[in-house]
Amino acid sequence: MKYSLALLGLLFVVNAASASEVPFSSTRSAPDYSATMTGQDGSRTYSRTVVHHKGWARVEEVRDGILHIGYGNFHANAWLSATKADGDDFSSVMVKRAVPSRDYEGIGSAREGADAGSYAGEHCKWWQLFRRGPGNGQYGPFWFSCQSADGIEIATKTLSSADDRPMSETQLVKLTRGPVAEAEVRPPARLFRPDFWLAPLRVYPEKPATAADFEVRMVSGNAAFRMLRHYPWRAEEQRDEDGTVRFRVWNELDDQGIFVVFSGDSHWFRASRSLRKPGRFSNSFDIATGQVDLERGDEYLGEPCRWFDMTPNMADAGKEQCLTADGIPLREYRTSSGGRADLTVVSLVRRPVGLEELFPPAELMAPSNLGFTPLHE
């Protein structure tokens with residue numbers, strides 16, 4: 001069986017039309033309101049509620065028993081989407097803020113059309129939304145929002161082509177204009193806390209001999225890498241010459257971790273915490289489809305190591321590592337559709353590593369840097 005997954009799991013794509021997306025508004029001065037809507041995505045129906053206060057919105061959708069909660073401000077280009085399942089606490093979050101001109105998945109422009117609609121006694125005009133990513137050409141998908149005279153989204157639809165048959169749609173059931181408390185549109189502070197996302201989910205087995213704690217620094221071209229392990233957690237920080245920072249920390253045994261990207265034109269992070277499903281070969285933060293001995297060795301910094309293919313049977317990406325007997329990488333080759341990277345060790349320290357040392361630098365997950373003022377708990 002060939003697995004096909006580019007960039008070794010280091011790239012997460014934000015779905016522009018994802019669940020709990022905050023509503024488009026044709027004006028910055030829309031009034032406070034609360035709205036109840038129904039939605040349909042193919043044959044699936046779901047509920048959607050929206051509360052809005054001074055440009056900020058909270059959206060809740062229930063799909064297949066999973067609660068999707070969104071927070072954000074369309075005009076500030078700040079967006080957060082989180083999930084809860086079966087009444088448990090949050091299981092995932094995606095937070096994004098980008099320079100509008102570089103937000104690949106964002107709405108770049110909107111155009112008011114001639115068509116009008118009426119839902120739950122509210123009249124609206126249809127606007128077509130143009131995203132910067134794929135889907136603005138001849139074949140769709142095409143996005144539309146029906147706006148009230150005061151800038152409230154009354155209905156939406158997404159068309160696969162210009163035949164008026166929607167792929168998905170939402171329609172207003174009830175709208176109440178009136179004051180909404182600021183606390184109603186502020187996300188919980190724990191969504192930005194590494195200790196919440198990385199809290200152990202269970203009692204883990206004793207550390208094997210091939211999983212030593214360590215701190216390693218590597219280089220690849222003009223990029224600098226720092227790697228840490230505290231079994232079963234690992235962390236990697238990459239700093240590029242242009243100031244871009246990529247940080248990920250993950251649990252090798254469960255689908256738990258955080259991935260952050262910070263650059264001059266975008267800033268986002270993704271986090272999740274759930275037990276890995278039986279039989280699943282990897283998680284959302286690192287790809288490891290096995291460990292095949294390539295039957296060759298090397299030596300770096302006076303340390304012997306053996307080469308292993310860490311991603312056997314992958315079709316379009318790969319990772320090879322030269323590992324010491326206690327599992328420390330000294331050299332690494334990464335390949336993907338985007339090219340090849342060669343990482344070489346420049347320093348190695350074996351030492352006890354505390355879990356908090358693996359947390360992202362505070363500024364990478366600071367709510368203020370992502371455009372949010374959270375609700376303290």
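Residue positions are given per chain, counted from 1 along the sequence in the order it is written. In keeping with the predicted nature of the model, local features appear solely for residues at pLDDT of at least 70, side-chain atom pairs appear and are counted solely at 80 or more, and the whole-chain, interface and lining totals rest on all residues. To get the side-chain values, all heavy atoms of the structure are used, and hydrogens and water are removed first.

Engineer: Would you mind going over the overall build of the chain with me for this structure?
Structural biologist: The number of helices and strands found in the chain is two helices and 22 strands. We get accessible surface area from the Shrake-Rupley algorithm with a probe of 1.4 Å; when it comes to residues, only the shown protein chains can shield them. Roughly 17,900 Å² of accessible area belongs to the chain as shown, and the carbon and sulfur atoms make up 51% of that amount. The helix and strand labels rest on DSSP assignments: H or I over at least four residues marks a helix, E over at least two residues marks a strand, and numbering proceeds from the N terminus.

Engineer: Quick question: what am I supposed to make of the environment of glycine 87 here?
Structural biologist: Structurally, the position occupied by glycine 87 is in the loop between strand E5 (78-85) and strand E6 (90-98). For the pair formed by glycine 87 and isoleucine 66, sequence separation is 21 residues and the distance between their alpha carbons is 8.8 Å.

Engineer: Quick question: what am I supposed to make of the nonpolar core here?
Structural biologist: One recurring pattern in soluble globular proteins: nonpolar side chains tend to sit buried together. In plain words, nonpolar cores are sets of buried Ala, Val, Leu, Ile, Met, Phe, Trp, Tyr and Cys residues tied together by side-chain atoms within 4.5 Å. Residue exposure (1.4 Å probe, protein chains only): buried if accessible area is under 20% of the type maximum, exposed if over 50%, otherwise partly exposed. Leu80, Val93, Trp197 and Phe269 are the most contacted members of the largest nonpolar core, which totals 31 residues. The criterion used for residue contact is that any of the two residues' heavy atoms lie within 4.5 Å. When residues no more than four places from it in sequence are discounted, the contact partners of valine 93 are Leu80, Ser81, Ala82, Leu191, Trp197, Phe269, Arg270 and Ala271. If you look at the next biggest cluster of nonpolar residues, it comprises 26 residues, including Ala35, Tyr119, Phe142 and Ile152.

Engineer: Would you mind going over the pairing of E6 with me for this structure?
Structural biologist: If a strand is regular, its side chains alternate between the two faces of the sheet. A pair of strands is labelled paired if DSSP reports no fewer than 2 bridges between them. Sheet topology places E5 next to E6; seven bridges connect them, and they run antiparallel. Residue pairing in the sheet places tryptophan 79 in a bridge with lysine 96 of E6. Counting the residues that bridge the hairpin from E5 to E6 gives four residues, and of these aspartate 86 lies at a positive phi of roughly 55°. Both E6 and strand E17 (residues 266-274) contribute to a ladder of seven bridges, which runs antiparallel. Bridging from a neighbouring strand, alanine 98 pairs with serine 266 of E17.

Engineer: Can you help me understand the state of the cysteines in this one?
Structural biologist: Here a disulfide denotes one covalent bond, and it connects the sulfur atoms of two cysteines. In this description, the term disulfide denotes a pair of cysteine sulfurs within 2.5 Å. Inspection of every chain in the model, using the stated rule, returns two disulfides. Each sulfur in the disulfide pair cysteine 124 and cysteine 146 lies 2.1 Å from the other. Because the sign of the S-S torsion sets the handedness, a value of about 90° for the bond joining cysteine 124 and cysteine 146 places this disulfide among the right-handed ones. In this pair, cysteine 124 sits in strand E8 (residues 122-131) while cysteine 146 sits in strand E9 (residues 142-147), placing the two residues 22 residues apart along the sequence. Among the residues examined, cysteine 124 registers a relative accessible area of 4% and is labelled buried.

Engineer: It is not clear to me how unusual backbone geometry should be interpreted in this structure. Could you clarify?
Structural biologist: A negative phi angle characterises most non-glycine residues, just as the trans form characterises most peptide bonds. Following tyrosine 231, the chain continues to proline 232 via a peptide bond in cis, the omega torsion being 0°. Position of proline 232 among the secondary structure elements: in the loop between strand E13 (223-230) and strand E14 (233-239). Phi angles above zero are rare outside glycine, and asparagine 77 is one such case at about 60°. Looking at the element boundaries, asparagine 77 is found in the loop between strand E4 (66-73) and E5.

Engineer: Would you take a moment to explain the side chain of arginine 229 for this structure?
Structural biologist: As for its position among the elements, arginine 229 is in strand E13. None of His or the chain ends enter the tally, which takes Lys and Arg as positive and Asp and Glu as negative. Every case where a carboxyl oxygen of Asp or Glu lies within 4 Å of a side-chain nitrogen of Lys or Arg is listed as a salt bridge. Despite being buried, arginine 229 has no salt bridge partner; glutamate 252 is the closest side chain of opposite charge, sitting 4.1 Å away. Looking at arginine 229, its side chain comes within polar contact range of the main-chain oxygen of alanine 212, at 3.0 Å. Distance and chemistry together define a polar contact, namely a pair of N or O atoms within 3.5 Å, with one atom able to donate a hydrogen and the other to accept it when in protein, and with adjacent residues in sequence counting only for side-chain atoms on both sides. Side-chain polar atoms of arginine 229 contact the backbone oxygen of glycine 327, separated by 3.1 Å. When residues no more than four places from it in sequence are discounted, the contact partners of arginine 229 are Thr210, Ala211, Ala212, Asp213, Phe214, Arg234, Glu252, Asp326, Gly327 and Val353.

Engineer: When you look at the side chain of arginine 63 in this model, what are you seeing that I'm missing?
Structural biologist: With respect to the secondary-structure elements, arginine 63 resides in strand E3 (residues 56-63). In this structure the side chain of arginine 63 is engaged in a polar contact, spanning 2.9 Å, whose partner is the side chain of glutamate 61.

Engineer: Quick question: what am I supposed to make of the packing of aromatic side chains here?
Structural biologist: The relative placement of two aromatic rings is captured by the distance of their centres and the angle of their planes. Aromatic rings from Phe, Tyr and Trp, with only the six-membered ring used for Trp, were paired whenever their centres fell within 6.5 Å, and each pair was classed as stacked if the ring planes differed by under 30 degrees, edge-to-face if by over 60, and tilted otherwise. Scanning the entire structure with this criterion turns up nine aromatic pairs. Ring geometry for phenylalanine 24 versus phenylalanine 74: centroids 5.1 Å apart, planes at 85°, classification edge-to-face. Of the two residues, phenylalanine 24 is situated in the segment before strand E1 (33-41) and phenylalanine 74 in the loop between E4 and E5; the sequence distance between them amounts to 50 residues. Accessibility expressed as a relative area gives 25% for phenylalanine 74, which makes it partly exposed. For the ring pair phenylalanine 192 and phenylalanine 269, a centre distance of 6.1 Å and an interplane angle of 70° mean the geometry is edge-to-face. Taken together, the residues phenylalanine 192 in the loop between strand E11 (166-177) and helix H1 (194-197) and phenylalanine 269 in strand E17 connect sequence positions 77 residues apart.

Engineer: Quick question: what am I supposed to make of the confidence of the model for the chain here?
Structural biologist: Interpretation of the predicted coordinates at a detailed level should be avoided for regions scoring low in pLDDT. Confidence of the predictor in every single residue is expressed as pLDDT, which spans 0 to 100. In this model, the chain carries a mean pLDDT of 88, and residues with pLDDT of at least 70 account for 89%. Note that pLDDT drops below 50 for residues 1-17; the model gives that stretch 50 contacts with residues more than four away or on any other chain.

Engineer: Is there a simple way to think about the pairing of strand E18 (residues 292-300) in this case?
Structural biologist: For E18 and strand E19 (residues 303-309), the ladder comprises six bridges, and the chain directions are antiparallel. Bridge assignment links aspartate 293 to a residue of E19, and that residue is phenylalanine 308. Joining the antiparallel neighbours E18 and E19 is a turn of two residues, in which leucine 301 adopts a positive phi near 55°.

Engineer: How should the pattern of salt bridges be read in this particular structure?
Structural biologist: Oppositely charged side chains can pair when the atoms bearing their charge come close. Inspection of the entire model under this criterion finds 32 salt bridges. The closest approach of N and O atoms between glutamate 112 and lysine 125, which form a salt bridge, is 3.3 Å. Of this pair, glutamate 112 sits in strand E7 (residues 107-119) while lysine 125 is found in strand E8, placing the two residues 13 residues apart along the sequence. Overall, glutamate 112 belongs to the partly exposed group, its relative accessible area being 43%. Between aspartate 240 and arginine 246 there is a salt bridge, and its shortest N-O distance comes to 2.7 Å. Among the residues examined, arginine 246 registers a relative accessible area of 32% and is labelled partly exposed. Via salt bridges that share partners, Asp41, Arg44, Arg48, Glu61, Arg63 and Asp64 belong to a single interconnected network.

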